[in-house]
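Observations on chain architecture
This is what each chain is made of:
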Amino acid sequence: MSATGAGPGPGAPDHEVLVIGAGFSGIGTAVGLLRAGVDDFLVLDEQDDVGGSWHANRYPGVAVDISAFSYSFAFEPHPGWSRAFPPGAELKAYADHCVDRFGLRSRLRLNSRVVRAGYHESAHLWEVALADGTTLTARFVVCATGWLTRPKTPELAGLDRFAGPVVHTARWDSSLDLRGRRVAVVGTGASSVQLVPEIAPLVERLDVYQRTPTWVFPKPDLPVPAAVRDVFARAPWTQRAVRLATDTATELSFVIAMIHYRRFPFLVRGGEAFSRLYLRQQVRGDRELMEALAPSYRLGCKRPSFGKGYWRAFTRDNVRLVTDPISRITEGGVRTADGTERAADVLVLATGFHVLDNLPPFPLFGQGGRELGEFWASERFQTYEGSSVKGFPNLWFIVGPYSFTGGSWFGMIDYQVTHLLRVIGEARRRGATQAVVRPERHDASFAKVLRRQRDTVFADADCRGTNSYYFDRHGDAPAVRPSSTYEAAWRARSFDLDDYRYERVRDGGTAAPSTTAPSTTASDAAPRNTAAPSTAPRNTAAPDTAAPADGHPEGARHATA
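Residues numbered from 1 in each chain as written. Predicted model: local features only at pLDDT ≥ 70, side-chain atom pairs only at ≥ 80, totals over all residues. Heavy atoms only, no water.

**Thoughts on the overall build of the chain**
Along its length, the chain carries 13 helices and 21 strands. Taking all 561 residues of the chain together, the buried fraction comes to 59%. (Helix = DSSP H or I, 4+ residues; strand = E, 2+ residues; numbered from the N terminus. Buried < 20%, exposed > 50% of the residue type's maximum accessible area, 1.4 Å probe, protein only.)

Next comes the structure, spelled out in structure tokens:
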């Protein structure tokens, strides 16, 4: 497939929009397109069902680690959560519900892995190649693949020689029985925080190998009584009120504290003190264990976790924390740098995912045949408003460099969808077939992000050497957008539509500037009814407000990260 020039001629593409990914990002994009009157789209996913990480991650204890009242679409609240932090199966069911509620099944193409995409400049079309040899064309492409799609396998000598089962938490074998067995868990990130207390009572012995400690906070995982669920169903405003409270807590505890660290350092230090107090209570004052489990870096340098019994699990007689580096995996266990070999029957890799090194998730060629991964590797990760990239027309990311504020995952989906729908709507209004961000506006957006990073916790020297997926090889932290969720939502609704250049393809495949006049105001959303379903706060306060967000951290801080 040619990256430019040769390829499909001018004319109708297979679809107006291709959405790549059928997790919550893809579902939110699809619903936004429908509500905007964009009917000709297809959603691709390499898995055999919808739900993204919530379909793939099925390890014991998998659950959302942000309140479910925040972890849902504002346009489709779910009053039936069984707990404040429901298990992964309920999140998967919620994804299925949203797909069925909005009639998306007929617009899905599952078991379809994208292996390459190239932009044809003469036709203003994207050509997307699938692993089965199929090629699809589209005017616009939305990359909604998320972060937690490619499990990271550690480079451990001898790993392939281990005699027993080796399983990654993201590829859990549901037939694996751990009862009465000796289990070694490598990793102490979000998945491990959920897995360890779940399996500790079942196994004969559990060795947990830690490279970097994790900041952990108590998870108030209370059941939601049936009477409360009934109130939520009958009076939705009550659930919105609860959501406002959980959103506020999320925004204050991460976004304001981490992004405005230089102005409010006491918020981070207060969080650290609270976590240490929780640690002391969990390990019952065991000083040696406290020192081993307590992080030595600033809160926020790595993603913190909410745990339910994680630290306490290490006080069990059958659980050991191992902090010596692993030197190699043997046929019968794990050998550490001090020469000690600990026997194991099962090896569990709770080692997370490739995040920044999985962007883009497949080779992606833009104008002039330049590949996006190569561009980011040589020029640093950069985007315009966390959404689009200069030289890559008709393409937007839901989760890309500087997309996620760290506060609201579903709020991020909303403001990213709002952004792309405004541009698609404006292109339609002008009769344009191409929209590409102007280089000078793109560069100004990136420069602003870099300036703001200086005030964040990520600029703190304590963050060095933390093995955090927030950072790239340049020392930047492109996994987090240095702004409040409210500001990001405000920007999505108000950026100047003329920050993009619009052109239309002529007969014969040549391009011409759009002759339709630009919108009368910079903040006009594209044509009526093209606004995305609002999951972000409706408050359009000026930038840098501390108003609560409308979603949850992470991208998922669900299952594993």
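**Notes on unusual backbone geometry**
Pro 360 follows Leu 359 through a cis peptide bond whose omega is -10°. With respect to the helices and strands, Pro 360 occurs in the loop between β16 (346-349) and β17 (364-365). A positive phi angle is found at His 124, which is not glycine, with a value near 55°. Assessed through its relative accessible area of 1%, His 124 is described here as buried.

**Quick notes on empty space enclosed by the protein**
Within this structure, the stated rule accounts for three cavities of 30 Å³ or more. Put simply, the largest cavity is a space of about 160 Å³. Considering the residues around the largest cavity, the lining is formed by 14 residues, among which Glu 385, Ser 445, Lys 448, Val 449 and Arg 481 are closest to the centre. Elements supplying a minimum of two residues to the lining of the largest cavity: α12 (439-453) and α13 (485-494). Here the lining of the largest cavity is built from residues that sort into four nonpolar, four polar and six charged. (1 Å grid on protein atoms, 1.4 Å probe; cavity = no way out; pocket = protein on both sides within 12 Å on 5 of 7 lines; lining within 4 Å. Points joined across faces, edges and corners; volume = space filled by probe spheres on them. Nonpolar A, V, L, I, M, F, W, Y, C, P; charged D, E, K, R; others polar.)

**Observations regarding the packing of helix α1 (residues 24-35) against helix α11 (residues 409-430)**
α11 packs onto α1 with a crossing angle of 40° between their chain directions and a minimal axis gap of 10 Å. The angle between α1 and α11 places the two elements in the oblique class. Here the hand of the crossing between α1 and α11 comes out right-handed. Taking contact as the criterion, the partners of Phe 24, Ser 25, Gly 28, Thr 29, Gly 32 and Leu 33 in α1 are, on α11, Trp 409, Phe 410, Ile 413, Val 417 and Leu 421. When the residues that make up the contact of α1 with α11 are grouped by side-chain class, the tally is seven nonpolar, four polar and no charged. (Axes fitted to C-alpha atoms, helices over the stretch in contact; angles between N-to-C directions. Parallel < 35°, antiparallel > 145°, perpendicular 65-115°, else oblique. Left-handed = near helix turned anticlockwise from the far one by under 90°. Contact = heavy atoms within 4.5 Å.)

**A short note on the environment of Ala 435**
Assignment of secondary structure puts Ala 435 in strand β19 (residues 434-437). Owing to a relative accessible area of 2%, Ala 435 belongs among the buried residues under this scheme. For the pair formed by Ala 435 and Phe 140, sequence separation is 295 residues and the distance between their alpha carbons is 9.2 Å.

**Looking at the pairing of strand β1 (residues 15-20)**
Within β1, six of the six residues are buried, which leaves the element mostly enclosed by the surrounding structure. As paired strands, β1 and strand β6 (residues 135-143) are joined by five bridges and run parallel to one another. When the bridges of β6 are listed, Ile 20 appears paired with Cys 143. Where β1 meets strand β2 (residues 41-44), four bridges bridge the pair, whose relative direction is parallel. Pairing of Val 17 across the sheet is with Phe 41, part of β2. (Pairing = 2+ DSSP bridges.)

**Quick word on the packing of aromatic side chains**
Counted according to the given criterion, the structure contains 35 aromatic pairs. Between Phe 73 and Phe 75, the ring centres sit 4.7 Å apart and the planes meet at 20°, which makes this aromatic pair stacked. Of the two residues, Phe 73 and Phe 75, both sit in the buried class. Grouped by ring-pair contacts, the aromatic residues Phe 24, Trp 54, Tyr 71, Phe 73, Phe 75, Trp 81, Tyr 94, Phe 102 and Phe 410 constitute a single cluster. (Phe/Tyr/Trp six-rings, centres within 6.5 Å; stacked < 30°, edge-to-face > 60°.)

**A short note on the environment of Ala 337**
Among the secondary structure elements, Ala 337 is positioned in the loop between β14 (333-336) and β15 (341-343). As a C-alpha pair, Ala 337 and Thr 323 span 14 residues in sequence and 10.0 Å in three-dimensional space. The residues contacting Ala 337, other than those within four sequence positions of it, are Pro 325 and Ser 327.

**Details of the packing of α11 against α13**
Between two packed helices, the angle of one axis relative to the other and the distance separating the axes together describe the packing. The geometry of α11 relative to α13 is characterised by a closest axis approach of 8 Å and an angle of 10° between their N-to-C directions. Here α13 runs roughly parallel to α11, going by the angle between their axes. Judged by residue contacts, Asp 414, Tyr 415, Thr 418, His 419 and Arg 422 of α11 engage Thr 485, Ala 488, Ala 489, Ala 492, Arg 493 and Ser 494 from α13. Among the residues forming the contact of α11 with α13, the class breakdown is four nonpolar, four polar and three charged.

**Observations regarding the pattern of salt bridges**
Scanning all chains against the criterion turns up 35 salt bridges. For Lys 92, the salt bridge goes to Asp 49, with nearest N and O atoms at 3.0 Å. With Lys 92 in helix α3 (residues 88-101) and Asp 49 in the loop between β2 and α2 (53-56), this residue pair connects regions lying 43 residues apart in the sequence. Across this residue pair, the class does not change: Lys 92 and Asp 49 are buried. Across the pair Asp 207 and Arg 320 runs a salt bridge, and its minimum N-O distance is 2.7 Å. Placement of the pair is Asp 207 in strand β9 (residues 205-209) and Arg 320 in strand β12 (residues 319-322), with a sequence separation of 113 residues. Looking at Asp 207, the relative accessible area reads 2%, which means it is buried. Accessibility expressed as a relative area gives 34% for Arg 320, which makes it partly exposed. Shared partners join several salt bridges into a network, and the residues in it are Asp 49, Lys 92, Asp 96, Asp 100 and Arg 105. (Salt bridge = Lys/Arg side-chain N within 4 Å of Asp/Glu carboxyl O.)

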